[in-house]
Amino acid sequence: MAEQDLDALLKRMARARVPRRGFLAGSGLAGLSAFIAACTPGASSSPSASNAASSAPSSEPSSGGESPSAAASPSAVAVTETEGTLLMYNWADYVDPDNIEKFKTDFKVTDFTYDTYASNEELLTKLQGGAAGQWDIGAPTCEFVKAMVEGDFIEKLDWSKLPNAALIDPQFQNFYKDADADLNNYHLPKDWGTTGISLRTKVVKEEVKTWKQFFEVAPKYSGRIVVVDSPGDVFVAPLKSLGYSLNSVDPKELGEAREILRAFAPHVLALNSDTYDAQLANEEAVLGLTWTGGIADLVDKPETADTRYVIPEDGTLYWMDTWVIFKNPPHPNSAYAFLNFIQDPAVQAKESETNRYATANTEAKKLVDPKVLADPTVFVPDDVVKSGLLEGAQDVSTDPLRQEIWEEFKSSIGKH
Amino acid sequence: MTSPALAQPRPAATVAAAGRWRARLLTGALVAPALAWYVILLVAPIVIVVLFSFGDRGKTGGYVPAFTLENYAGAIAKPEPFFTSLQFSVIGTILCLLVGLPLAYFIATRARKRKALLIVLLVIPFWTSFLIRTYAWILILGPDGIVGFIQDLTGNTSFRILGTTWGVQLGLVYGYLPLMVFPLYVTLERMDRTLIEASKDLGAGRWATFRQVTLPIALPGLITGSILVFIPMMGEYVIPQLLGYGQTFGIGSALYLRFLEARNWPSGSAMAVFLILIMLIVVTAYVWFTNRGRTVRDVSVV
């Protein structure tokens, strides 16, 4: 555990060159309200709608919870008495430190443990190794909820303890459809974003607007390309450049993707999920297949203001991380208290501003700094959402052919 | 008189038997913790790994009991990670030797009063986490560190150390050098200096003295140090990942991929069993070498 803390600390140190906060120079783009209005199917099956609630109850000490709750339910009541301890297992740097302090003060939590994992696969493997009872809450990416429910690693959420769940946009809460719809009772959306192309326009002069162009210019910037160390994201690029679904397990389609990755691998400098922003900042890398995290901070800084994040026009993945409560949590009250607390609009708005990821909480979005709201790296522009470019991920990580291709890619990066 | 005399052996035997029994109990009690430690933390995990290596992967990952040799076939079909690690470990061990031997020799024979200080300086890095020390190299070798300076100096902007095999090799040597120096230092420190004087008196030059006197005496330490350095280098994961940017795909990376990314425990276990076998071969060779070394020395002393 100590080593995990240390790991998180180091990652933070490594990133410290890029200031975590700052002001954004965004181009005035509309927020997500149209998106939400446009795609809100089957809200009736939404657990949040059925269990709806007022926002922060009067007994809940956090501020700013005075949102006009659309579907208030008197039955949902927030937990206010905690066990004084909360054990969180999460991605590094993923909760606003001030919010953590506020939670500790407001709920008299003295022991707040924040352990970190580097990938969903790592989290799942730990759980399969029997680690479920070690932590209270976690935040996997939503497509992994299915495997976690099947493995009996997470609890069904008791919506009557989560009044703020009513504020979540049903579009995100109902991530799972049809036969899998019950899985939506196991998670509470944390935030979401896209996988895309990052570039330093100072060096990369070509227009890179699609994955196809990304692969075309790659040889020119050989040895200066950073890629996130995540198979689910790396497969997006070749499959989308070919016009296939990013969740494809079709051998023919994967075979074509494999050829693209084979040609691409020698040009990659690093597989790096944690500090790709630092490598872009010091120009070790000038082109990247990355997430949005950290990119907005680079744009803010004068020396790296030429950094751009592009949502590829041939389509890309949208991911959503989501809160879960692990099976038999040692501190169930703290877990529910935190989940409700973090979805308080004011708290959640601060989360978006600090982490620079889009919230799924409609009330919180109204409180987010307009500059952050207008930043395409944080909140995806309306027209992109409408164009149908974004595709949600399924857990296809167990596909043997994908694994084989991934291993081949991973073992051949940087080798000519 | 006779009857007590005759009776005498019986109580004595009983006492002896009881004493022996008590001694055995005491020995058992003293050995038990070590035995339990050995069984629980060493034997049991290895048994589990071996069992897993014959199993199947579950639908969402993990392990399902089965009996198949497929995992071994898979591990044999992809030996590249083994060779990558082997190459790094062999070169790393040789470099550690080249740096460690002169250093140990200097501390043991020439440092005089500074000896304690130098030993402390060697130990100090161990007070800090291995991870922090490795991260520090990222700063040292990064574009804001030495490499940036060299780039500015030579005008060659494509020059870099991080993300190359050199970066990994440097990190390995840095990380494990003390494990080479200490055993060497211990053997050289205990060396009888008069042997060197004798060698010189008998007309041997510096090189001949080193080759025929110092080196044979240092051999056990040299082999111990090499083993201590070689084994962790084989399985090293952190250094290639941090300093090599994940470009060097050795056994550590392959095991990580199989266990944590592919969630294929059986396949990872088969690979781990292979690694254990390689280590067994190395250690056996080590024991053989050291024993051989001892015989040679005995003969030379006679």
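Residues numbered from 1 in each chain as written. Chains lettered and ligands numbered in written order. Predicted model: local features only at pLDDT ≥ 70, side-chain atom pairs only at ≥ 80, totals over all residues.

## Quick look at the overall build of chain A
The line we're drawing: We count a stretch as a helix when DSSP gives it H or I for four or more residues in a row; a strand needs E for two or more, and each element gets its number in order from the N terminus. The burial label depends on the number of other C-beta atoms within 10 Å of a residue's C-beta. Counts of 20 or more mean buried, 12 or fewer mean exposed, and intermediate counts mean partly exposed, with C-beta atoms placed from the backbone. Residue pairs are scored as contacts if the distance between their C-beta atoms, which are placed from the backbone, is within 7 Å.
Counting its regular elements, chain A contains 19 helices and 12 strands. When the 416 residues of chain A are sorted by exposure, 55% land in the buried category. Taking the contacts inside chain A whose residues are at least 6 apart along the sequence as the reference set, 78% of them involve residues at least 24 apart.

## What to know about the overall build of chain B
Put simply, the rule reads: Here the radius of gyration uses the C-alpha set of atoms, whereas the globule reference equals 2.2 Å times the residue count to the power 0.38.
Scanning chain B from terminus to terminus reveals 13 helices and 0 strands. In sequence order, the secondary structure elements of chain B are arranged as α-α-α-α-α-α-α-α-α-α-α-α-α. For a compact globule of 302 residues, the expected C-alpha radius of gyration is about 19 Å, and chain B comes in at 27 Å, more than 25% above that figure. In chain B, buried positions account for 32% of the 302 residues. When contacts within chain B are restricted to residue pairs at least 6 apart in sequence, those whose partners lie at least 24 apart make up 72%.

## Notes on the pairing of strand E10 (residues 316–325) of chain A
Residue and element names in this part refer to chain A. Applied cut-off: Pairing between two strands is assigned when DSSP locates at least 2 bridges connecting them.
With 9 of its 10 residues buried, E10 lies for the most part within the structure. Bridge count for strand E3 (residues 137–138) against E10 is 2 bridges, and the pairing is antiparallel. Within E10, the residue paired with isoleucine 137 across the bridge is isoleucine 325. Both strand E4 (residues 188–194) and E10 contribute to a ladder of 6 bridges, which runs antiparallel. Counterpart to aspartate 191 in the pairing with E10 is aspartate 321. Relative to strand E12 (residues 390–392), E10 runs parallel, the two being bridged by 3 bridges. Note that in E12 the partner of leucine 317 across the bridge is glutamate 391.

## What to know about the interface of chain B and chain A
As a measure of interface size, the accessible area lost when the parts come together is often cited. Applicable threshold: Under the scheme applied, nonpolar residues are Ala, Val, Leu, Ile, Met, Phe, Trp, Tyr, Cys and Pro; charged residues are Asp, Glu, Lys and Arg; polar residues are all the others, including Gly.
Counting residues at the interface gives 23 residues for chain B, matched by 29 residues for chain A. If you list the elements that add at least two residues to the side of chain B that touches chain A, you get helix H6 (130–141) and helix H12 (251–261) of chain B. Looking at the side of chain B that touches chain A residue by residue, the classes come out as 10 nonpolar, 9 polar and 4 charged.

## Description of the nonpolar core
Using the following cut-off: Each nonpolar core consists of buried Ala, Val, Leu, Ile, Met, Phe, Trp, Tyr and Cys residues. Their C-beta atoms, within 7 Å, join them into a set.
Ranked by internal contacts, the top residues of the largest apolar core, which has 158 residues, are A:Ile137 and A:Met148. Looking at which element gives the most residues to this core, the answer is helix H8 (residues 165–189) of chain B, with 13 residues. Ignoring anything within four residues of it in the chain, the contact list for A:Ile137 reads A:Met88, A:Trp323, A:Val324, A:Ile325, A:Phe326, A:Ala335, A:Phe338 and A:Leu339. Grouped together as the second largest cluster of nonpolar side chains are 5 residues, B:Phe52, B:Tyr63, B:Leu260 and B:Trp265 included.

## A short note on the sheet that holds strand E6 (residues 225–227) of chain A
Residues and elements named next belong to chain A. Stated formally: Only the stretch in contact is used when a helix axis is fitted, and all axes are lines through C-alpha atoms; the angle between N-to-C directions ranges over 0 to 180 degrees.
Reading across the sheet, the 5 strands line up as E7-E6-E8-E5-E9 and stay open at both edges, with mixed pairing between neighbours. Strands at the two margins of the open sheet, each flanked by one partner only, are strand E7 (268–271) and strand E9 (307–310). Strand-to-strand twist across the sheet, computed as the mean angle between neighbouring axes with direction ignored, equals 20 degrees. Across 4 bridges, strand E5 (residues 196–200) lies against strand E8 (residues 287–290) in antiparallel orientation. If you follow serine 198 over to E8, its bridge partner there is glycine 288.

## Quick notes on the confidence of the model for chain B
Residues and elements named next belong to chain B. To keep it simple, the criterion reads: Values of pLDDT, the confidence the predictor places in each residue, fall between 0 and 100.
On average, residues of chain B score 85 in pLDDT, and 92% of them reach the 70 mark or higher. For chain B, helix H1 (residues 2–7) is the element with the lowest average pLDDT, namely 48, and H8 is the one with the highest, namely 93. Every residue in residues 298–302 is under pLDDT 50, and counting partners more than four places away or in other chains gives 0 contacts. Here the prediction assigns the complex a pTM of 0.73, and the interface score ipTM is 0.76.

## Quick word on the confidence of the model for chain A
With 82% of its residues at a pLDDT of at least 70, chain A reaches an overall mean of 81. Overall, residues 12–73 of chain A carries pLDDT values under 50, and its contacts beyond four positions in sequence, including any with other chains, amount to 135 contacts.

## Observations regarding helix H11 (residues 251–264) of chain A
Just so we agree on the cut-off: Residue count minus one, scaled by 1.5 Å, sets the expected span of a helix.
When the terminal C-alpha atoms of H11(A) are compared, their 19 Å separation across 14 residues agrees well with the 20 Å that a helix rising 1.5 Å per residue should span. On the buried face of H11(A), the contacting elements are helix H8 (211–217), helix H10 (236–241), E7 and helix H19 (400–410) of chain A.

## Let's talk about the packing of helix H4 (residues 80–110) of chain B against helix H10 (residues 206–235) of chain B
Residue and element names in this part refer to chain B. Formally: Crossing handedness is defined as follows: a turn of the near helix away from the far one that is anticlockwise and smaller than a right angle gives a left-handed crossing, while the clockwise case is right-handed.
One can describe the packing of H4 onto H10 by two numbers: an axis separation of 9 Å at closest approach and a directional angle of 145 degrees. For the pair H4 and H10, the crossing hand works out as right-handed. Side by side, H4 and H10 meet where Ser85, Phe88, Ser89, Gly92, Thr93, Cys96, Leu97 and Gly100 of the first sit next to Gly225, Ser226, Val229, Phe230, Met233 and Met234 of the second. Its residues assigned to classes, the contact of H4 with H10 comprises 7 nonpolar, 7 polar and no charged.

## Some remarks on unusual backbone geometry
Unusually for a residue other than glycine, A:Lys108 sits at a positive phi of about 50 degrees. Along the polypeptide, A:Lys108 turns up in the loop between helix H4 (97–106) and strand E2 (111–117).

## Some thoughts on the pairing of strand E1 (residues 85–91) of chain A
Residue and element names in this part refer to chain A. Spelled out, the test is: Consider the strands pointing away from the viewer: the crossover is right-handed when the path from the first strand over the helix to the second runs clockwise.
The buried count for E1 comes to 6 of 7 residues, which makes it a mostly enclosed element. Relative to E2, E1 is paired through 7 bridges, and the arrangement is parallel. Residue pairing in the sheet places leucine 87 in a bridge with threonine 113 of E2. In this fold, E1 hands off to H4, which returns the chain to E2; that crossover is right-handed.

## Details of the packing of H4(B) against H8(B)
All names here are of chain B. What counts here: Note on terminology: angles under 35 degrees are roughly parallel, angles over 145 are roughly antiparallel, angles of 65 to 115 are roughly perpendicular, and the others are oblique.
Where H4 meets H8, the axes come as close as 7 Å, and the angle between the chain directions of the two elements is 45 degrees. Comparing their axes, H8 and H4 come out oblique. In this structure, H4 crosses over H8, and the sense of that crossing is right-handed. Per-class residue counts for the contact of H4 with H8 are 22 nonpolar, 4 polar and 1 charged.

## Considering the environment of B:Val99
All names here are of chain B. Looking at the element boundaries, valine 99 is found in helix H4. Judged by local crowding, valine 99 falls into the partly exposed class, with 15 C-beta atoms found within 10 Å. Look past the residues within four positions of valine 99 in its chain and what remains in contact with it is Val173 and Leu177.

## Remarks on the environment of A:Glu122
Position of A:Glu122 among the secondary structure elements: in helix H5 (residues 120–128). Residue A:Glu122 is classed as partly exposed on the basis of its 16 C-beta neighbours within 10 Å. Residue contacts for A:Glu122: discarding those within four places in its chain leaves A:Tyr117 and B:Leu260.

## Observations regarding the environment of A:Arg262
Residue and element names in this part refer to chain A. Position of arginine 262 relative to the elements: it lies in helix H11. Arginine 262 sits in the partly exposed class, given 14 other C-beta atoms within 10 Å. Taking C-alpha positions, arginine 262 is 20 Å from valine 396, a pair spaced 134 residues apart along the chain.

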